[in-house]
Amino acid sequence: MVTNPFRPTFGTSPPVLAGRREHTASFADSLDAGPGAPGRATLYTGARGVGKTVMLNAAEDVARERGWIVISETASPGIVHRLVHDHLPGALALVTGSREHARVSGLTAPAGLGAISVERVPPVHRPERSLRNQLTDLASVTAAHGAGVLITVDEIHGGDVGELRELAVTVQHCFRSDLDVAFAAAALPAAVASLLNDRVLTFLRRAERHDLGPLSRGESALAIVGPIRSVGLDITPEALDLIVDASGGYPFMVQLVGFHTLRNRPERRLIDADDAVRGITAARRRLGHLVVEPELQALSSGDRRFLSAMAVDDGPSRTADIARRLGVSGPYAGQYRLRLLAAGVITAPKYGWIDFAIPGVREHLRRTETHG
């Protein structure tokens, strides 16, 4: 029995990270360049399922390869508490060999291996544990090994603004102090606009931002063929074309179609067009439950009417045609367009045109909505 190599689970890294090499290389360069490199603060944005969390995973791998301490979090309530009471004390204990809070007093690196001298601080003089002093201590310790500290935060669109402000201020302090600290976060496009306007979180405005879009046909094909051949199977050109077309360059759909194609195939080595059709049918059904329905339920009735007017077209829509179908002015339709673009539900492939960012939305709307 062949192990299925595809991984259609949100936040799980695919077997082949196709189409994102440039983003990964950019982050690696920022770590190698030292404090002050713009990529030391990086923000990944895009629609659900486009691979934001996967890029955080890749950034963490890049940091670990360089010996960095990695702290991975999600912007759920209590993130600062978890950093102060769990992650940072644990990391300090790991690199100092002590469970007690200690202040770094001297650092040496004999034979290039690194040794840490720690001065115990009497309890009466011991400063209160805070996000700033613990992160500063940890970065000072890791510097002895020529390494640093990476903090990644997923789904900052769902975080408490007050906690995100505290984290942002702390990271900015480390940057100003030329400490080897890096920060990477992921968010939906709609949330980024409001976060970047926050008085304190303007720090994110200066972050190196990567807006993750769809994969090209070649990248999608690589993400399909590579895993299939890694388990001793192969695929016909016709079947590959069908899967690439069905995925629409949407990374999560690539994994979903690949998984169901292998799951539903007969026990033979070559995947053909019939196998691909069965896999595509099953994948579309799962995508509707996992992504499309939750995405649409979060929108207003006006947003859904705008999308339904788009669904009339078999491909990209002209904004002017949408306004005509809805019986509204161009500027009025433009407000919905801007909001849906910010939410990552639609894309603008070229001036005056829009299209769905997630495959399957058009078909779902055609089944469930009435168009004018």
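In the block above lies the structure referred to throughout.
Residues numbered from 1 in each chain as written. Predicted model: local features only at pLDDT ≥ 70, side-chain atom pairs only at ≥ 80, totals over all residues. Heavy atoms only, no water.

1. Section: the packing of helix H1 (residues 21-33) against helix H2 (residues 52-65)
Selection rule: In this analysis, axes come from line fits to C-alpha atoms, helices being fitted only over the stretch in contact, and the angle between any two N-to-C directions falls in the range 0 to 180 degrees. Here a helix means four or more residues in a row that DSSP labels H or I, a strand means two or more in a row labelled E, and each is numbered from the N terminus. Reported orientations rely on four angle classes, namely roughly parallel under 35 degrees, roughly antiparallel over 145, roughly perpendicular from 65 to 115, and oblique for the rest. Here is the rule for handedness: rotate from the far helix to the near one, and if that takes an anticlockwise turn smaller than a right angle the crossing is left-handed, while a clockwise turn gives right-handed. Contact between two residues is taken to exist if any of their heavy atoms lie within 4.5 Å; hydrogens are not considered.
Orientation of H1 relative to H2, taken along the N-to-C sense of each, is 40°, at an axis distance of 10 Å. In terms of their interaxial angle, H1 and H2 are classed as oblique. The chirality of how H1 crosses H2 is right-handed. Of H2, the residues touching H1 (which contributes His 23, Thr 24, Phe 27, Ala 28 and Leu 31) are Met 55, Ala 58, Ala 59, Val 62 and Ala 63.

2. Notes on the layout of surface pockets
Gaps left between atoms are located by rolling a probe of water-molecule size over the structure's atoms. We apply this condition: In this analysis a 1.4 Å probe is tested at points of a 1 Å grid over the protein atoms alone, and where it fits but cannot get out there is a cavity; an open set with protein on both sides within 12 Å along at least five of seven lines is a pocket; lining residues have an atom within 4 Å of a point. Grid points are joined across faces, edges and corners, and a volume is the space filled by probe spheres set on the points. By the convention adopted, Pro, Cys, Tyr, Trp, Phe, Met, Ile, Leu, Val and Ala count as nonpolar, Lys, Arg, Asp and Glu as charged, and the other residues, Gly among them, as polar.
Looking at the largest pocket, its volume works out to about 520 Å³. Surrounding the largest pocket, 32 residues form its lining, Phe 10, Gly 49, Val 50, Gly 51 and Lys 52 being those nearest its centre. In terms of residue count, the dominant contributor to the lining of the largest pocket is helix H9 (residues 251-263) (four residues). When grouped by side-chain class, the residues that make up the lining of the largest pocket number 18 nonpolar, eight polar and six charged. Considered as a void within the structure, the second largest pocket measures approximately 410 Å³ in volume. Lining the second largest pocket are 21 residues; nearest its centre among them are Gly 46, Pro 189, Leu 212, Gly 344 and Thr 347.

3. Topic: the pattern of salt bridges
Test applied: A side-chain nitrogen of Lys or Arg and a carboxyl oxygen of Asp or Glu constitute a salt bridge if their distance falls within 4 Å.
Scanning all chains against the criterion turns up 20 salt bridges. Two residues, Asp 275 and Arg 268, come together in a salt bridge whose shortest N-O distance is 3.1 Å. Connected via shared salt-bridge partners are Arg 268, Asp 272, Asp 275 and Arg 278.

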